[in-house]
Amino acid sequence: MNEQGGIQNEAMTRSERRKRKQRFVFVCLLFVVSACVVGAWGVTKREMSEQKIIKQFITALRQEDMHALKQFIDAPLEKEVSLLPLFVYLRKHPEGYDQIKKELAQQKDDRVYIKGLTSTPPIFLMKLSQGIYKFEPALYHVYVQTNEQGARILINDTYVGETNASLVKVGEYVPGLYEVKMVTDEREQTKQISLFGGERIRIIRFDSN
């Protein structure tokens, strides 16, 4: 009788262990599925948030809404004229909005390009800082090359320096359309430069003849 009871108890113990194992496996599967669902929901929510903020940013650009753009752009914009070259470019090249939108949609994090003067940056780099999305414009390093000495250099009619060397750096500029002038007592030369994608270093060459 005792032997039969021991066999029954052992069978019950095996059954309980099997049930416990099944419950453990079920809990583990439930945890994995829940984590996947939560992760997918988080990714979807973030992507929806990114799409929404990109749409709002593009709308602000189209409307040339400086108040909204100051909230979006991660760069000091003390005067409205600082974005006028960008507005001028986009008025002449409305396809630029699609280019900006495409570049932003492709960005996953800050490592979308190797930062450096010779790298090709996106027109706007999308960054998430303390839960807030910001857009950092590319800065283009503009140089004037000429053999003309003592000529005045103006960019968008603003004096930026003189040609005291064969290669003169005149400044850093956000994306846009710019007019570069080299003025001497005898003559004036004018060139337009589009800073919208491409290399960060731009050299404008003027004839000295």
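This text follows the structure it describes.
Below: a short report on this structure.

Cut-offs applied
- Here the residue numbering is sequential within each chain, running from 1 through the sequence in written order.
- Side-chain atom pairs in this predicted model are given and counted only at pLDDT of 80 or more, local residue features only at pLDDT of at least 70, and totals for whole chains, interfaces and linings cover all residues.
- With hydrogens and water excluded, all non-hydrogen atoms of the structure serve as input to the side-chain values.
- Whether two aromatic rings pair depends on their centres lying within 6.5 Å, for rings of Phe, Tyr and Trp, where Trp uses its six-membered ring; planes under 30 degrees apart make the pair stacked, over 60 edge-to-face, and the rest tilted.
- Each helix is a run of DSSP H or I of at least 4 residues and each strand a run of E of at least 2, with the numbering of both proceeding from the N terminus.
- The cut-offs for exposure are 20% and 50% of the maximum accessible area for each residue type, with area from a 1.4 Å probe on protein chains only; residues under the lower value are buried, those over the upper are exposed, and the others partly exposed.
- Lysine NZ or arginine CZ positioned within 6 Å of the ring centre and within 35 degrees of the ring normal marks a charge as sitting over the ring.
- The pairing criterion is simple: DSSP has to find at least two bridges between the two strands.
- Axis definition: a line fit to C-alpha positions, over the contact stretch in the case of helices; interaxial angles, taken between N-to-C directions, run 0 to 180 degrees.

1. Side note on the packing of aromatic side chains
Applying the stated criterion across every chain, the model contains six aromatic pairs. Relative to Phe196, the ring of Tyr89 lies with its centre 4.3 Å away and its plane at 20°, an arrangement referred to as stacked. Of this pair, Tyr89 sits in helix α3 (residues 84-92) while Phe196 sits in the loop between β8 (188-195) and β9 (201-205); the two residues are 107 residues apart in sequence, bridging distant segments of the chain. Overall, the relative accessible area of 8% leaves Phe196 in the buried class. Site record: aromatic cluster; members linked through ring pairs are Phe57, Phe72, Phe124 and Phe135. Lying over the aromatic face of Tyr97, Arg62 brings its terminal NZ or CZ to 4.2 Å of the ring centre.

2. Things to note about the sheet that holds strand β3 (residues 140-145)
Across the sheet, which stays open at both edges, the three strands sit in the order β6-β3-β9 with mixed pairing between neighbours. Every other strand in the sheet has two partners, leaving β6 (167-173) and β9 as the edge strands with one partner each. On average, each strand axis in the sheet is tilted by 25° relative to the strand beside it, whichever way the strands run. Strand direction decides the pairing type here: β3 and β9, joined by five bridges, are parallel. Looking across to β9, one finds that Gln145 is bridged to Arg205.

3. Observations concerning the sheet that holds strand β7 (residues 176-183)
Pairing is antiparallel in the open sheet, where four strands are placed in the order β5-β4-β7-β8. A strand with exactly one partner marks an edge of an open sheet, and here the two such strands are β5 (158-162) and β8. The mean angle between the axes of side-by-side strands here comes to 25°, regardless of whether they run parallel or antiparallel. Where β7 lies against β8, eight bridges are found, and the strand directions are antiparallel. Bridge pairing links Val180 to Lys191 in β8.

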